[in-house]
Amino acid sequence: MKKRIAIYLLLVMFLSVSCEKDEINPINSQQLQGTWTQQTDNSFKYKLKFQSDTMYFFQKDAIDTLFYRLDSNNKMYLFYEKSINRIESQHSLKIKKKANVLTVSNLFPTFDKE
């Protein structure tokens with residue numbers, strides 16, 4: 001009986017360890033460096049390129065240059081200019097390192113229908 005319980009506990013432990021847990025937490029700016037391409041079936045794919053403290057946002061008709069910083073809760077703050085009175089936006093980040101996927105919440109603005 002004790003042997004069965006021990007085997008059961010080992011099996012549960014093995015299954016919990018083998019579950020996919022590849023999200024990086026917290027994210028640091030080194031892990032963001034490089035170019036990230038939107039995953040879509042559309043012919044045009046948005047791109048984000050991170051270099052140092054600068055993020056380049058490649059759109060259809062323009063390239064936006066934004067400054068960013070990360071906090072320990074995987075929040076990315078985007079700044080439209082380097083000044084004291086800067087406009088900023090806040091986005092949550094997730095990186096899945098095995099799949100090499102970066103998820104940025106609320107990157108594209110949403111508009112309410114009136």
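Reading guide: rules and limits
Residues numbered from 1 in each chain as written. Predicted model: local features only at pLDDT ≥ 70, side-chain atom pairs only at ≥ 80, totals over all residues. Heavy atoms only, no water. Helix = DSSP H or I, 4+ residues; strand = E, 2+ residues; numbered from the N terminus. Contact = heavy atoms within 4.5 Å. Pairing = 2+ DSSP bridges. Axes fitted to C-alpha atoms, helices over the stretch in contact; angles between N-to-C directions. Phe/Tyr/Trp six-rings, centres within 6.5 Å; stacked < 30°, edge-to-face > 60°. Lys NZ or Arg CZ within 6 Å of the ring centre and 35° of its normal. Buried < 20%, exposed > 50% of the residue type's maximum accessible area, 1.4 Å probe, protein only.

Caption draft 1: Just the environment of glutamine 38, in detail. Among the structural elements, glutamine 38 can be located in the loop between strand S1 (34-37) and strand S2 (47-51). Here the alpha-carbon distance between glutamine 38 and threonine 103, two residues 65 residues apart in the chain, equals 9.4 Å. In contact with glutamine 38, other than residues within four places in its own chain, are Phe44, Lys45, Tyr46 and Phe108.

Caption draft 2: Here's a closer look at the sheet that holds strand S7 (residues 101-104). Strand order in the open sheet formed by seven strands is S1-S2-S3-S4-S5-S6-S7, and the pairing between neighbours is antiparallel. Either end of the sheet is taken by a strand with one partner, and the two such strands are S1 and S7. Neighbouring strand axes in the sheet, compared pairwise and without regard to direction, differ in orientation by 30° on average.

Caption draft 3: Local environment of the packing of aromatic side chains. For the coordinates displayed, the defined rule picks out three aromatic pairs. Aromatic side chains tyrosine 46 and phenylalanine 57 sit 5.8 Å apart centroid to centroid with 25° between the ring planes, which places their arrangement in the stacked category. Taken together, the residues span a long stretch of sequence, with tyrosine 46 in the loop between S1 and S2 and phenylalanine 57 in strand S3 (residues 54-58) at a distance of 11 residues. Here a set of aromatic residues connected by ring pairs shows up, and it is made of Phe44, Tyr46 and Phe57. If you follow arginine 69 out to its NZ or CZ, it ends over the ring of tyrosine 77, 4.3 Å from the centre.

Caption draft 4: Expanded view of the pairing of S3. In this structure, S2 lies alongside S3, joined through five bridges in antiparallel fashion. Pairing of lysine 47 across the sheet is with phenylalanine 58, part of S3. Linkage of S2 to S3, two consecutive antiparallel strands, is achieved through a turn of two residues, within which serine 52 is found at a positive phi near 55°. Sheet topology note: the S3/strand S4 (residues 63-70) ladder contains five bridges and is antiparallel. Across the sheet, residue tyrosine 56 finds its bridge partner in S4, namely threonine 65. The loop that links S3 with its antiparallel partner S4 comprises four residues.

Caption draft 5: Fine view of unusual backbone geometry. Despite not being glycine, asparagine 74 has its phi angle at roughly 60°, a positive value. In the Ramachandran plot, asparagine 106 falls in the positive-phi region, its phi being about 60° despite a non-glycine side chain. With respect to the element layout, asparagine 106 can be found in the segment after S7. Of the residues examined, asparagine 106 reaches a relative accessible area of 60% and is grouped as exposed.

Caption draft 6: Region of interest: the environment of tyrosine 46. Judged by its relative accessible area of 24%, tyrosine 46 is partly exposed. Distance in space between the C-alpha atoms of tyrosine 46 and tryptophan 36 is 8.6 Å, their sequence separation being 10 residues.

Function cannot be read off these values alone, since they describe shape.
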